[in-house]
Amino acid sequence: LAKHPEIKALMKPDYNLIWVVVLMVLAQLTAFYLVKDLDWKWVVFWAYVFGSCISHSMTLAIHEISHNSAFGNSKAMWNRWFGIFANLPLGLPYSISFKRYHMDHHRYLGGDGIDVDIPTNFEGWFFCTRFRKFIWIVLQPFFYAIRPLCINPKPITRLEIINLLAQLAFDVVIYYLWGVKSIFYMLAGSVLGLGLHPISGHFIAEHYMFLKGHETYSYYGPLNLLTFNVGYHNEHHDFPNIPGKSLPLVKKIAAEYYDNLPQYNSWIKVLYDFVMDDTISPYSRMKRQLKGEVKQD
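- As recorded in an unreviewed UniProt entry, the protein goes by Sphingolipid delta(4)-desaturase DES1 and comes from Gymnorhina tibicen.
- The UniProt entry for the protein carries this comment under Function (unreviewed entry): "Has sphingolipid-delta-4-desaturase activity. Converts D-erythro-sphinganine to D-erythro-sphingosine (E-sphing-4-enine). Catalyzes the equilibrium isomerization of retinols."
- Under the UniProt heading Subunit (unreviewed entry), the note attached to the protein is "Interacts with RLBP1; the interaction increases synthesis of chromophore-precursors by DEGS1."

## Things to note about a nonpolar patch on the surface
1) Next: There is a patch of nonpolar side chains on the surface, built from Trp42, Phe45, Trp46, Tyr48, Val49, Phe50 and Leu192 and spanning about 600 Å² of accessible area.
2) Next: For the nonpolar patch, the element with the most residues is helix 2 (residues 40–66), which contributes six residues.
3) Next: Take Leu192: its relative accessible area is 30%, and that puts it in the partly exposed class.

## Describing the UniProt feature "domain: Fatty acid desaturase" (unreviewed entry) in the protein
1) Next: Feature annotation in UniProt places "domain: Fatty acid desaturase" (unreviewed entry) on residues 41–263, given in this structure's numbering.
2) Next: Split by type, residues 41–263 is 61% helix and 1% strand. Its first and last C-alpha atoms lie 38 Å apart.

## Regarding the side chain of His237
1) Next: Tracing the backbone shows His237 in helix 11 (residues 233–238).
2) Next: Only 3.4 Å separates the side chain of His237 from the side chain of His105, close enough to count as a polar contact.
3) Next: There is a polar contact of 3.2 Å between the side chain of His237 and the side chain of His207.
4) Next: If we skip the residues at most four places from it in the chain, His237 touches His105, His106, Leu109, His207 and Thr216.

## Some details on the nonpolar core
1) Next: With 36 residues, the main nonpolar core has Val21, Met58, Trp136, Ile204 and Phe274 as its most contacted residues.
2) Next: Listing elements by their share of this core, those giving two or more residues are helix 1 (16–35), helix 2, helix 3 (76–87), helix 6 (130–138), helix 10 (201–207) and helix 14 (267–276).
3) Next: Other than its neighbours up to four places away in sequence, Met58 contacts Val21, Met24, Val25, Ala86, Pro89 and Leu90.
4) Next: With twelve residues, the next largest nonpolar core counts Val35, Leu88, Ile183 and Ala188 among its residues.

What counts and what doesn't
- Residues numbered from 1 in each chain as written.
- Predicted model: local features only at pLDDT ≥ 70, side-chain atom pairs only at ≥ 80, totals over all residues.
- Heavy atoms only, no water.
- UniProt positions renumbered as here; feature names shortened; annotations may be inferred.
- Patch = residues over 30% accessible without salt bridge, like charges linked within 9 Å, V, L, I, M, F, W, Y side chains within 5 Å.
- Areas by Shrake-Rupley, 256 points an atom, 1.4 Å probe, with all protein chains shown as cover.
- Salt bridge = Lys/Arg side-chain N within 4 Å of Asp/Glu carboxyl O.
- Helix = DSSP H or I, 4+ residues; strand = E, 2+ residues; numbered from the N terminus.
- Buried < 20%, exposed > 50% of the residue type's maximum accessible area, 1.4 Å probe, protein only.
- Polar contact = N/O pair within 3.5 Å; in protein donor to acceptor, adjacent residues only side chain to side chain.
- Contact = heavy atoms within 4.5 Å.
- Core = buried A, V, L, I, M, F, W, Y, C linked by side-chain atoms within 4.5 Å.

If you want it as C-alpha cells, here you go:
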C-alpha cells in the first residue's frame, strides 16, 4: 500500500455480486423444476454437469459475502442475511458457520487448532497412497463438514439456527412442490461439485506446499470466471476486503509483487499432481503454533 496507495480505491463493495447471486438462485430453482420428471440417469447427469458447477460457484459467492463484499462492512448484517439466501439452493446450511471459521483462516493462517482448513492428523496419516488421496478428494465435502467439529468446535449462534431453519423450510417446500428428484439434484450437485470436480482443484491449489517455502499460490486460469476470482489467492490474502472482481486489478497494479511467485494455470493438473506425486499428501500444509491472545468469531 505504501508503494501503490491506489489499491485502496478497490476496497469497496461489489454490488454486481447481488444480482449475480439472485440469478444463480433463480437458475437453480428453474433446474429443480426441470429435473422433477426426468429419468434418474438424467437427474444424476445434470446434477454433475450443471448443478455441481452452480453449487460450487455459489459456495464461492458465499465466500465473497462472508467478506462483506455484497453490501460493504457498514452493513454487515445485510451480508449475513444475504448469505443465508445464497445458501438456499445448496440444500445444507453452510453460510453462517463458514463465515465464522473463514475469518479465523485469514487471521491465523495455518494456526494449529484454529484454522480448520488444515487437515486433521488422521487425514494426513491415512490418505497417504495414490488411491487413498483420490478417495480423499472425492470425500472433501465430508471432511470440510466434520473437520471444524474435531479441530475447533464453537458454540452454536442464533444466526446459525436461523440458517438451519431457513434451509430446512426451503428443502421441505422444494420436496412438496417437485418431489424427491429435485431434492436429490440439489444435494447431489453440492456434494459432487465440492468433491471430484475441476473447480475443487482450488481447495488444494490455494495452500498445499508443492514447493517448500511457498504456502499460498494463485491460479490464473479460466475457471476464475466461475469462482469470483478465488484463484487470485495471494492477492486475496493480502487484501481480503477487496472483492474478487477487483483482484486482477491488484495483480496488475502491483505486478512486481505477484508475477514472479509460483502460480497455477490448471486446477485439473493440481488434482492430478496431488494424487500422483508421492511427496504430497494432506500433511503438505504449513502449521503454526500460535502465541499470544487468539480472538475468534
